[in-house]
Amino acid sequence: QVHLVESGGGLVPAGGSLRLSCEASGSILSINPMGWYRQAPGQQREFVARITAGDGLIYTDSVKGRFTISRTKNTVSLEMVKMKPEDTAKYYCNYHDYYSESDYWGQGTQVTVSS
């Protein structure tokens, strides 16, 4: 089993910065990707960024150039700069197990960007 705990959310003015972290425990393999998703009120959860083995990085278009994902084996971080009000959402950490095709989620951390 995998357990994910996010931290680092908060309130930031537009143009500001935040760093989210997610610590994973359990059966964590570096080959399995970790990433971040977000969900705004009334919206579906959407993909933000993912990091795979070998430092493969994928970002949704709206955050390219502003967000940076990084990872140690058991921790994934999301550095967010030049933040916009539309970045406001609850951010969720994700771990995907290729072998079992299972997704694990954290409890989420709220990010609010004021205009």
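Preceding this paragraph is the structure being described.
In this text, all values refer to a predicted model and were calculated from it rather than measured experimentally. (Residues numbered from 1 in each chain as written. Predicted model: local features only at pLDDT ≥ 70, side-chain atom pairs only at ≥ 80, totals over all residues. Heavy atoms only, no water.)

Attention now moves to the overall build of the chain. Counting its secondary structure elements, the chain contains 0 helices and 11 strands. Shown N-terminal to C-terminal, the secondary structure of the chain runs as helices and strands in the order β-β-β-β-β-β-β-β-β-β-β. Computed over its C-alpha atoms, the radius of gyration of the chain comes to 13 Å, within 12% of the 13 Å expected for a compact globule of 115 residues. For the C-alpha atoms alone, the extent of the chain along its principal axes is close to 45 × 25 × 20 Å. By residue count, 40% of the 115 residues in the chain fall in the buried class. Sequence separation of 24 or more characterises 56% of the internal contacts of the chain that already satisfy a separation of 6 or more. Carbon and sulfur atoms form 50% of the exposed surface of the chain, whose accessible area is close to 6,100 Å². Positive and negative side-chain charges in the chain, numbering 11 and 11 respectively, have mean positions lying 4 Å apart. (Helix = DSSP H or I, 4+ residues; strand = E, 2+ residues; numbered from the N terminus. Rg over C-alpha atoms; globule rule 2.2 N^0.38 Å. Buried < 20%, exposed > 50% of the residue type's maximum accessible area, 1.4 Å probe, protein only. Contact = heavy atoms within 4.5 Å. Areas by Shrake-Rupley, 256 points an atom, 1.4 Å probe, with all protein chains shown as cover. Lys, Arg positive; Asp, Glu negative; His and termini not counted. Charge placed at Lys NZ, Arg CZ, Asp CG, Glu CD.)

So, about the nonpolar core. Leu-4, Trp-36, Leu-78, Met-80 and Tyr-91 are the most contacted members of the largest nonpolar core, which totals 28 residues. For this core, the secondary structure elements donating two or more residues are β1 (2–7), β3 (18–26), β4 (34–39), β5 (46–52), β7 (67–71), β8 (75–80), β9 (89–97) and β11 (109–114). Beyond its immediate stretch of four places on either side in the chain, Met-80 contacts Gly-16, Ser-17, Leu-18, Leu-20, Arg-66, Phe-67, Tyr-91 and Val-111. (Core = buried A, V, L, I, M, F, W, Y, C linked by side-chain atoms within 4.5 Å.)

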